[in-house]
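# Per-entry structural report
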Amino acid sequence: MALVLAGGSAYQNEMTRVLIIGGSAEAWRLARLLPMAAVHLAAPERVPRNWPGQVSQGPVSAVWLADQQVDRVVIAPHPCDAKAIAAALRAAQTVGVPFLHLIRPEWRATARDNWHPIRSAREATAVIPQGARVLVTLGRDTLPQLNGLRAQCLVRQLGAPGGNFPLRHGRFLPARGPFSVPHESRFLRKERIDWLLLRNAGGLGGWPKLEAARRLGIPVAMIQRPGRPVGPIVTTPEEAVAWTKT
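Parameters at a glance
- Sequence positions are assigned chain by chain, starting from 1 and proceeding in written order.
- In view of the model being predicted, local features appear only for residues whose pLDDT reaches at least 70, and side-chain atom pairs are presented and counted only at 80 or more, with totals across whole chains, interfaces and linings using the full set of residues.
- Based on all heavy atoms of the structure, the side-chain values leave hydrogens and waters out of the count.
- By the criteria applied, helices consist of DSSP H or I runs no shorter than four residues and strands consist of E runs no shorter than two, each listed in order from the N terminus.
- Based on C-alpha atoms, the radius of gyration is set beside the globule rule, defined as 2.2 Å times the residue count to the power 0.38.
- By definition in these notes, contact holds between two residues if any of their heavy atoms fall within 4.5 Å.
- For every accessible area listed, the method is Shrake-Rupley and the probe measures 1.4 Å; residues are considered covered only by the protein chains on display.
- The charge count includes Lys and Arg as positive and Asp and Glu as negative, but it does not include His or the ends of the chains.
- Here the site of a charge means atom NZ of a Lys, CZ of an Arg, CG of an Asp or CD of a Glu.
- Pairs of cysteine sulfur atoms within 2.5 Å are what we label disulfides.
- When accessible area is computed with a 1.4 Å probe and restricted to protein chains, residues below 20% of their type maximum are described as buried, those above 50% as exposed, and intermediate ones as partly exposed.
- For this analysis, a nonpolar core means a set of buried residues of the types Ala, Val, Leu, Ile, Met, Phe, Trp, Tyr and Cys, connected via side-chain atoms within 4.5 Å.
- Contacts described as polar in this section are N or O atom pairs within 3.5 Å, which, within protein, must combine one atom able to donate a hydrogen with one able to accept it, while residues neighboring in sequence count only if both atoms come from side chains.

Let us now look at the overall build of the chain. Broken down by element type, the chain carries six helices and twelve strands. For the chain, whose C-alpha radius of gyration is 20 Å, the value lies close to the compact-globule estimate of 18 Å for 246 residues. Summarising its shape, the C-alpha atoms of the chain cover approximately 60 × 35 × 30 Å along the three principal directions. Residue pairs at least 24 apart in sequence account for 63% of intrachain contacts in the chain once pairs closer than 6 positions are excluded. Total accessible area on the chain is roughly 12700 Å²; 52% of this is exposed by carbon and sulfur atoms. Positive and negative side-chain charges in the chain, numbering 31 and 16 respectively, have mean positions lying 7 Å apart.

Take a look at the structure:
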């Protein structure tokens, strides 16, 4: 496997040189399975992870990717980060390096769920009624899209506090996971939450609040994922490891 050091590229041997473009929990798990792979983050993590090796950070472009001199690229940002996924895809296609998408499966509603699919945060105004108390678990950059929502927005923050609350009604709720279903159920009752607003991120980390909402009969405004990206896709780090060896 390859080793990339800060400030340039230096490799221990001539084996396959792999670059992981991260941002998801699956990227972190893959890096632990491939500790000699290079890791790059297009944006800072809200909750920093303990990566097994050196991690670079910054925009992804074809010029930057060509300078890395890697043999394969695993594209694994957060599954709802359409901008990062598209930039990595364009760069890999331009450079001509083989690439693979690592994307965990999305959540699926059951007959007991009351989910309202929307395409963006702005569309929440079409489904969430005026005066509702809404638990919002979106990135801070998305919050301005909720200016038209006439509701109390309780915005969960997993990272450090980020200044003044940007919406007319509501407040930040500092929190630290992992969360369990009993914890989320107590929290939803305590805060008298009657709507959830979130992205369809998939995975186990965010599932407890959806399970709690299901048990309490709370409706969910679910922002759908971007369209399926171009190229091969796997859903587990183990499958990505196997691809790097083919």
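Having seen the model, we can carry on.
What follows concerns the state of the cysteines. Within the structure shown, the criterion is met by zero disulfides. C80 takes part in no disulfide bond, and the closest cysteine sulfur to it belongs to C153, at a distance of 18 Å. C80 gets classed as buried once you look at its relative accessible area, which sits at 15%. Residue classification places C153 among the buried positions, given a relative accessible area of 1%.

Looking now at the nonpolar core. If you look at the biggest cluster of nonpolar residues, it comprises 20 residues, and the most contacted ones within it are I128, V134, V136, L146 and L197. Apart from residues no more than four positions distant in its own chain, L197 is found in contact with I118, A124, I128, V134, L135, V136, T137, L138, L146, A221 and I223. One finds L34, A37, V74 and V234 within the second-largest nonpolar core, a separate group that totals 18 residues.

Turning next to the side chain of T142. Mapped onto the fold, T142 is located in the loop between β7 (133-136) and β8 (152-157). Under the relative-accessibility criterion, T142 is labelled buried at 9%. A polar contact is formed between the side chain of T142 and the side chain of R199, at a distance of 2.6 Å.

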